[in-house]
Amino acid sequence: MATRLTDVVIDANDPAALARFWSAALDWPVTFEHPRQVTVSPPADDPRQHGQVPLDFVLVTDPKVGKNRLHLDLPTTDQAATVARLEALGARRVDIGQGPEVTWVVMADPEGNELCVVRQSGSVGSDPASAFGDLAPVAAIVLDTPDPDGVAPFWSATTGWPILGRDEHHVWLRDPAARGPYLDLRRNDDPKVVKVRVHLDVSPYPDGSQQEELDRLLATGATPVDIGQVDVPWHVLADPTGTELCLLTPR
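Computed from a predicted model, the values in this text were never measured in an experiment.

## Description of the overall build of the protein
1) Next: Regarding its fold elements, the protein presents four helices and 16 strands.
2) Next: Its C-alpha atoms give the protein a radius of gyration of 17 Å, within 12% of the compact-globule value 18 Å for 251 residues.
3) Next: Considering only contacts in the protein between residues 6 or more positions apart, those separated by 24 or more positions represent 62%.
4) Next: As displayed, the protein has an accessible area near 11500 Å², and 53% of this comes from carbon and sulfur atoms.

As structure tokens, this is what we get:
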């Protein structure tokens, strides 16, 4: 029994426009388009991006409130040029209290979703925050949590990714057989006050059972969550610290 990380879902007031920004930012094609949902995906014919995770933009009407608990780290060997390119596409620099001493640049996409442009060292070290090797175009999915160590076993069981390392502030997971991003569980004690605007979808493999995986995730520490969904084919859950995710049908 297993589930895998299927996509990153981003709530959007204008899914088509936000998808166009991210399509250009990552150089990924739009692979599905509907008035309520647009998907951009890594090129299927590029083995260097095997394991990268598609982005789904889903229509919502509520505005963004506060800093997101989940963001993407984009690596670069030319930080100034990457920042300028993203600004030309509609992103802007933002101050979330990171201070002047950090080596990354915090930005927001056209709807205010935070992202970080991180210097790419060219060598793989123990900490994905500073050494992404040649992973691209998304090097890390960063999830704020008050208890990285406590929640790491849940996310390892949910994604199927092993825990590769930890320090005082982070625990990081990744599929070492692919070229996808790290899942960086980062300590943050800010209280969660609203439904997350960016969340992860997981699914059973094609020969798996959604009900069996639901039972397994509940036993691992997930809890069912009602965010107003009605008669949908997925299950909305929360991890042990309350961060929402969705369990899809097998695929």
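## A look at the sheet that holds strand β2 (residues 30-34)
1) Next: Strand order across the open sheet formed by eight strands is β2-β3-β4-β1-β13-β16-β15-β14, with mixed pairing between neighbours. In the strand order of this sheet, the two ends are held by β2 and β14 (223-224), each with one partner.
2) Next: One ladder, built from four bridges, connects strand β3 (residues 37-40) with strand β4 (residues 55-59); its direction is antiparallel. Looking across to β4, one finds that V40 is bridged to L55.
3) Next: Sheet strands in contact with helix α3 (residues 148-159) are β1 (3-12), β13 (198-204) and β16 (244-247), and its direction is about 105° off that of β1.

## A closer look at a nonpolar patch on the surface
1) Next: A cluster of nonpolar residues, V65, V193 and V194, forms a patch on the protein surface that exposes about 280 Å² of accessible area.
2) Next: Along the chain, V194 falls in the loop between β12 (182-187) and β13.
3) Next: Judged by relative accessible area, V194 falls into the partly exposed class, the value being 39%.

## Description of the packing of aromatic side chains
1) Next: Tallied over the full model, the rule gives three aromatic pairs.
2) Next: With 5.4 Å between their ring centres and 90° between their planes, F21 and W22 make a pair best called edge-to-face. Each member of the pair, F21 together with W22, is buried.
3) Next: Judged by centre distance (5.4 Å) and plane angle (85°), the rings of F154 and W155 are edge-to-face. A single burial state applies to F154 and to W155, both of which are buried.

## Considerations on the confidence of the model for the protein
1) Next: For the protein, the average pLDDT comes to 94, and 95% of its residues sit at 70 or higher.
2) Next: Predicted confidence for residues 123-129 stays below pLDDT 50, and this span has 13 contacts to residues more than four positions away or in other chains.

## Notes on the packing of α3 against helix α4 (residues 210-220)
1) Next: Contact geometry for α3 and α4: axes closest at 10 Å, N-to-C directions at 170°. One way to sum up the angle between α3 and α4 is to call them roughly antiparallel. Read as a crossing pair, α3 and α4 show a hand that is right-handed. Touching F154, A157 and T158 of α3 are R216, L217 and T220, all from α4.
2) Next: Here the residues of the contact of α3 with α4 sort into three nonpolar, two polar and one charged.

## Details of the nonpolar core
1) Next: In this structure, W22 and W155 are the most contacted members of the largest nonpolar core, which totals 47 residues.
2) Next: Of the residues forming this core, the biggest block, six residues, is contributed by helix α1 (residues 15-26).
3) Next: In this structure W22 touches D27, L55, F57, L72, L74, D109 and L115, once residues within four positions along its chain are discounted.
4) Next: One finds V106, A108, A139 and V142 within the second-largest nonpolar core, a separate group that totals 12 residues.

Parameters and conventions
Residues numbered from 1 in each chain as written. Predicted model: local features only at pLDDT ≥ 70, side-chain atom pairs only at ≥ 80, totals over all residues. Heavy atoms only, no water. Helix = DSSP H or I, 4+ residues; strand = E, 2+ residues; numbered from the N terminus. Rg over C-alpha atoms; globule rule 2.2 N^0.38 Å. Contact = heavy atoms within 4.5 Å. Areas by Shrake-Rupley, 256 points an atom, 1.4 Å probe, with all protein chains shown as cover. Pairing = 2+ DSSP bridges. Axes fitted to C-alpha atoms, helices over the stretch in contact; angles between N-to-C directions. Patch = residues over 30% accessible without salt bridge, like charges linked within 9 Å, V, L, I, M, F, W, Y side chains within 5 Å. Salt bridge = Lys/Arg side-chain N within 4 Å of Asp/Glu carboxyl O. Buried < 20%, exposed > 50% of the residue type's maximum accessible area, 1.4 Å probe, protein only. Phe/Tyr/Trp six-rings, centres within 6.5 Å; stacked < 30°, edge-to-face > 60°. pLDDT = per-residue confidence, 0-100. Parallel < 35°, antiparallel > 145°, perpendicular 65-115°, else oblique. Left-handed = near helix turned anticlockwise from the far one by under 90°. Nonpolar A, V, L, I, M, F, W, Y, C, P; charged D, E, K, R; others polar. Core = buried A, V, L, I, M, F, W, Y, C linked by side-chain atoms within 4.5 Å.

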